[in-house]
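Descriptive structure summary
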Amino acid sequence: MTRAPLIRAATPADAPGIAAVHVQSWRDTYADLMPADFLARMTSPEMQARREAFWTGNIAAGQDAVFVAEDAGQIVAFASAGTARDHPGFDAELFTLYSLKAAQGAGTGRDLLRQAAQAMQARGAASLALWVLDANPTRHWYARQGAHECGEKQDGALRELRMGWSDLMPLVGAPT
């Protein structure tokens, strides 16, 4: 990548690219963090097709805010956010933020996070939370973006941490 990717709202036509990034980023990120058989199931061609169908419907429904980062016509990262599901005390939830390795380190994730936070603020949210695997080094990235650890849950052998921003202002920046 030679320039910053274009960050824009996703359309249903983006679903194949989002699903491809979703699956590839799982392979890259979780290879040593999840059981191999589970990861193989979650990144299989069948799962990619299911993810594509999910994203097509999700984006078409317009309930969640979904954004993509596009470079030279290819989706290289995406994020989605909406009403908090299981984060007491938080208004909104960052459901996904995934990026291809080639797009990492250039501020793309930060830009997508900001865009998602701005969309949630526009919907009336003042706070944001997400779940991240405790062994995932990305949790430290979220901490550098101002999130704090504020809960945990166990899902079988996997332990997840809640990371949250009790105030969206540092993420969205000052009003313009």
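Just above sits the structure.
Since we're looking at a predicted model, the values are computed, not measured.

Calculation notes
- Residues numbered from 1 in each chain as written.
- Predicted model: local features only at pLDDT ≥ 70, side-chain atom pairs only at ≥ 80, totals over all residues.
- Heavy atoms only, no water.
- Pairing = 2+ DSSP bridges.
- Helix = DSSP H or I, 4+ residues; strand = E, 2+ residues; numbered from the N terminus.
- Axes fitted to C-alpha atoms, helices over the stretch in contact; angles between N-to-C directions.
- Core = buried A, V, L, I, M, F, W, Y, C linked by side-chain atoms within 4.5 Å.
- Buried < 20%, exposed > 50% of the residue type's maximum accessible area, 1.4 Å probe, protein only.
- Contact = heavy atoms within 4.5 Å.
- Expected span 1.5 Å × (residues − 1).
- Phe/Tyr/Trp six-rings, centres within 6.5 Å; stacked < 30°, edge-to-face > 60°.

An order of β1-β2-β3-β4-β5-β7-β6 is seen for the 7 strands of this open sheet, with the pairing classed as mixed. Edge positions in the sheet fall to β1 (6-9) and β6 (148-155), since each of these pairs with one other strand and no more. On average, each strand axis in the sheet is tilted by 25° relative to the strand beside it, whichever way the strands run. Inspection of the sheet shows β1 paired to strand β2 (residues 65-71) by 4 bridges, in the antiparallel sense.

The nonpolar side chains of a soluble globular protein tend to be buried, and buried together. Core analysis: the biggest nonpolar cluster contains 50 residues, and Ile18, Leu94, Leu112, Met120, Leu128, Tyr142 and Trp165 have the highest contact counts within it. Dropping the residues within four chain positions of it, Trp165 is found in contact with Phe90, Leu113, Ser127, Leu128, Leu130, Tyr142, Gln145, Gly146, Ala147, His148 and Leu171.

A rise of 1.5 Å per residue sets the reference length of helix α3 (residues 45-61), with its 17 residues, at 24 Å; its end C-alpha atoms lie 24 Å apart and thus fit the reference within 8%. On the buried face of α3, the contacting elements are α1 (15-30), α2 (36-42), β2, β3 (74-83) and β4 (92-99). Gly62 lies just past α3 and shows a positive phi near 75°.

Bringing the pairing of β2 into the picture now. Most of β2 is tucked away, with 6 of its 7 residues classed as buried. Where β2 lies against β3, 7 bridges are found, and the strand directions are antiparallel. Opposite Val68, over in β3, you have Phe78 as the bridge partner. In textbook terms, the turn of a hairpin is the stretch between consecutive antiparallel strands, and for β2 and β3 this stretch comprises 2 residues, one of which, Ala72, has a positive phi near 50°.

Counted by the stated rule, this structure contains 6 aromatic pairs. Judged by centre distance (4.9 Å) and plane angle (80°), the rings of Phe54 and Trp55 are edge-to-face. For the pair Tyr142 and Trp165, a centre-to-centre distance of 6.3 Å together with 75° between the ring planes defines the contact as edge-to-face. Residue Tyr142 is found in helix α5 (residues 138-144), and its partner Trp165 is found in strand β7 (residues 158-165); the two are separated by 23 residues along the sequence. Accessibility assignment for this pair places Tyr142 and Trp165 in one class, buried. Here the aromatic cluster, defined as three or more aromatic residues joined through ring pairs, consists of Phe54, Trp55, Phe78 and Tyr98.

This brings us to unusual backbone geometry. We note that Ala72 has phi near 50°; this positive angle belongs to a residue other than glycine. Along the chain, Ala72 turns up in the loop between β2 and β3.

This part takes up the side chain of Glu160. Counting through the fold element by element, Glu160 comes out in strand β7. If near-sequence neighbours (up to four positions away) are discounted, Glu160 is found in contact with Trp131, Val132, Leu133, Asp134, Gly151, Glu152, Lys153 and Asp155.

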